[in-house]
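Fold and contact review
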Amino acid sequence: MPNLHDIDKRIKSVSSTKQITRTMEMVAGAKVKHATERIAAAAPYSDSMVEMLQGVAERVQPSENPLLEKHESVKRILAVAVVSDRGLAGGFNSNVLRAVEKTVRAKKSEGVEVDIIACGKKAGGFFRFRKMTPVLEFKDQSADPTIEQAGEIADYAIKAYEEGSIDEVVLIYNHSKNAATQVLTEQVILPVDTTAAPQAHVRTASAVEEPAETETVPASIEFEPEPADVLARLLPAYLRTSIYRALIDSAAGEQAARRSAMHSATDNATEMVETLSRLYNRVRQGAITTEINEIVGGAAALEE
């Protein structure tokens, strides 16, 4: 059985850890609010972009724009893995990384090669350890992604898709469904499917209130220049918006996951301190009882 000094040292260590996890939980909670506000701020532009894309795409044939046209065969895909730069967020990173690894194995069994864009330090380290070098890698931006980062990813994907070196682009990230739940999401962004665009942009329930239903009046729209020219400018902007929204969605999910993980760690530390305190009292009581027995035994020996 451990002595009193060892137990007391352990209690102090766990109590110190509890203070750290409690602080991290509070910090993550504050960052969750900021991240969900960013999603709410980006929602009107993103929704308008989808609506505009649908309106223009209805007047254009898929063959008129390479980003709408599906390739005859899929020989190589580009997977964009969005995770965090830091750990201590439960299964937030591992869920995405395992999904990407599973996709790579499944596609390779079908004879399809997979290129990877790693967003977050954890993704870069994970894939390099497995001898899969990312074609692009982003660090120190997971908690505060930028539109420039989304633009760089979109530019690379568009160029590769138009050249034919990539046949499909898929985003794999954790969608922040609410403040407590993250949902693993795989979203194909190239080729652009205008019919699926509204479903692809799922609002975060805790951040954005559903607007009141309004009647829409179909309008006759005249384009200057031609619809195909408008769509050629609109599609890259739509892809940048889709990627940026996934990045800020993942950022919100990261903070929510870290808050939940730190809350569980704090609860576990509290329970451990209580258990160790009971053990400390039991050992201390045993030591006192032993000392009393020794004193009584010594006194009895002197009387004899």
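Heads up: the structure comes first, above all this text.
Residue numbering note: each chain is counted from 1, following its sequence as written. Totals for whole chains, interfaces and linings use all residues, but because this is a predicted model, local features are given only for residues with pLDDT of at least 70 and pairs of side-chain atoms are given and counted only at 80 or more. With hydrogens and water stripped out, all remaining heavy atoms of the structure feed into the side-chain values.

Here's the deal with the overall build of the protein chain
What counts is decided by this rule: Elements are defined by DSSP. Helices are runs of H or I of four residues or more, strands are runs of E of two residues or more, and each kind is numbered from the N terminus. For every residue, the accessible area obtained with a 1.4 Å probe (protein chains only) is divided by the maximum for its type, and the residue is called buried under 20%, exposed over 50%, and partly exposed between those limits. The contact criterion used throughout is that any non-hydrogen atoms of two residues lie within 4.5 Å. Per-residue accessibility takes into account occlusion by the displayed protein chains alone, with areas from the Shrake-Rupley method and a 1.4 Å probe.
A tally of regular secondary structure across the protein chain gives 6 helices and 5 strands. Counting every position in the protein chain, which comprises 304 residues, the buried fraction comes to 41%. Residue pairs at least 24 apart in sequence account for 79% of intrachain contacts in the protein chain once pairs closer than 6 positions are excluded. Accessible surface, the protein chain: about 17400 Å² in total, of which carbon and sulfur atoms supply 52%.

Brief notes about a nonpolar patch on the surface
For the record, the criterion: Only residues whose relative accessible area exceeds 30% and that take part in no salt bridge are eligible for patches, with like-charged residues grouped when within 9 Å of each other and nonpolar side chains (Val, Leu, Ile, Met, Phe, Trp, Tyr) grouped when within 5 Å. By salt bridge we mean one thing: a side-chain nitrogen of Lys or Arg within 4 Å of a carboxyl oxygen of Asp or Glu.
A surface patch of nonpolar side chains, amounting to about 250 Å² of accessible area, comprises Ile-288, Ile-292 and Val-296. Turning to its location among the elements, Val-296 is positioned in helix H6 (residues 227-303).

Details of the pairing of strand E1 (residues 76-82)
For a regular strand, the rule is simple: side chains alternate between the two faces of the sheet. Threshold: DSSP-based pairing: two strands are paired if at least 2 bridges between them are found. Here is how to tell: hold the view so the strands point away, follow the path from the first strand over the helix to the second, and if it runs clockwise the crossover is right-handed.
Where burial is concerned, most of E1 is hidden: 6 out of the 7 residues are buried. Sheet topology places E1 next to strand E2 (residues 113-119); 7 bridges connect them, and they run parallel. Bridging from a neighbouring strand, Leu-78 pairs with Asp-115 of E2. Crossover handedness for the path E1 to helix H2 (residues 92-109) to E2: right-handed. Judged from the 5 bridges that link them, E1 and strand E4 (residues 168-176) form a sheet pairing that is parallel. Among the inter-strand pairings, Leu-78 is bridged to a residue of E4, identified as Val-169.

Some words on helix H3 (residues 121-129)
To be explicit about the condition: Working note: the arc is built from the helix axis to C-beta atom directions.
Residues Ala-123, Gly-124, Phe-126 and Phe-127 constitute the buried set of H3. The arc that holds every buried residue of H3, seen down its axis, measures 165°, which confines them to one face.

Here we look at the sheet that holds E4
Short version of the rule: Only the contacting stretch of a helix is used when fitting its axis, a line to C-alpha atoms as for every element, and angles between N-to-C directions run 0 to 180 degrees.
One open sheet holds the 5 strands; their spatial order is E3-E2-E1-E4-E5, and the pairing between them is mixed. The open sheet terminates on both sides in strands that have one partner only, identified here as strand E3 (136-138) and strand E5 (182-190). Taken over all neighbouring pairs, the strand axes of this sheet differ in orientation by 20° on average, direction set aside. As defined by bridge partners, E4 adjoins E5 across 8 bridges and the pair is classed as antiparallel. For Val-170, the partnering residue across the bridge sits in E5 and is Val-188. Of the strands in this sheet, E1, E2, E3, E4 and E5 are in contact with helix H4 (residues 147-163), which crosses E3 at around 170°.

Some words on the environment of Val-82
On the secondary structure map, Val-82 appears in strand E1. A relative accessible area of 4% places Val-82 in the buried class. Ignoring any residue separated from it by four or fewer positions in sequence, one finds Val-82 in contact with Val-96, Cys-119, Ile-172, Tyr-173, Leu-247 and Ser-250.

Side note on the packing of aromatic side chains
To keep things clear, this is the line we draw: Ring geometry is summarised as follows: Phe, Tyr and Trp rings, the Trp one being its six-membered ring, pair when their centres sit within 6.5 Å, and such pairs are stacked at plane angles under 30 degrees, edge-to-face over 60 and tilted between the two. Only Lys NZ and Arg CZ are tested; either one counts as a charge over a ring when it is within 6 Å of the ring centre and within 35 degrees of the ring normal.
Per the counting criterion, the structure on display carries 1 aromatic pair. Between Phe-126 and Phe-127, the ring centres sit 5.2 Å apart and the planes meet at 90°, which makes this aromatic pair edge-to-face. Overall, the relative accessible area of 14% leaves Phe-126 in the buried class. Note on Phe-127: relative accessible area 0%, which makes it buried. A cation over a ring is seen here: Arg-130 above Phe-126, with NZ or CZ 3.7 Å from the ring centre.

What to know about the side chain of His-175
Put simply, the rule is: Pairs of N or O atoms within 3.5 Å make up the polar contacts considered here, provided that, within protein, one atom can donate a hydrogen while the other can accept it, and that residues adjacent in sequence are counted only when both atoms are side-chain atoms.
With respect to the helices and strands, the residue His-175 is situated in strand E4. Of the polar contacts made by the side chain of His-175, one reaches the side chain of Asp-249; its length is 2.6 Å.

Structural notes on the packing of helix H1 (residues 4-57) against H6
We apply this condition: Angle categories: roughly parallel below 35 degrees, roughly antiparallel above 145, roughly perpendicular from 65 to 115, and oblique for all the rest. With the far helix as reference, a near helix turned anticlockwise by less than a right angle produces a left-handed crossing, and one turned clockwise produces a right-handed crossing. Under the convention adopted here, Pro, Cys and the residues Ala, Val, Leu, Ile, Met, Phe, Trp and Tyr are nonpolar, Asp, Glu, Lys and Arg are charged, and Gly plus all remaining residues are polar.
Running from amino to carboxyl end, H1 crosses H6 at an angle of 160°, the nearest separation of the two axes being 6 Å. By the angle between their directions, the pair H1 and H6 is classed as roughly antiparallel. The element H1 and its partner H6 pack so that their crossing is left-handed. Among the residues forming the contact of H1 with H6, the class breakdown is 39 nonpolar, 11 polar and 13 charged.

Brief notes about the pattern of salt bridges
Under the definition given, this model contains 10 salt bridges. Residue Asp-47 is joined to Arg-245 by a salt bridge in which the shortest nitrogen-to-oxygen separation is 3.5 Å. Placement of Asp-47 in helix H1 and of Arg-245 in helix H6 is noted, with a sequence separation of 198 residues between them. The exposure class of Arg-245 is buried, given its relative accessible area of 8%. Several salt bridges converge on common partners, so that one network encompasses Glu-101, Arg-105 and Arg-130.

Describing the environment of Leu-234
Within the secondary structure, Leu-234 sits in helix H6. In this structure the C-alpha to C-alpha distance between Leu-234 and Met-49, which are 185 residues apart in sequence, comes to 8.2 Å. Those residues in contact with Leu-234, other than ones at most four positions away along the chain, are Met-49, Met-52, Leu-53 and Val-56.

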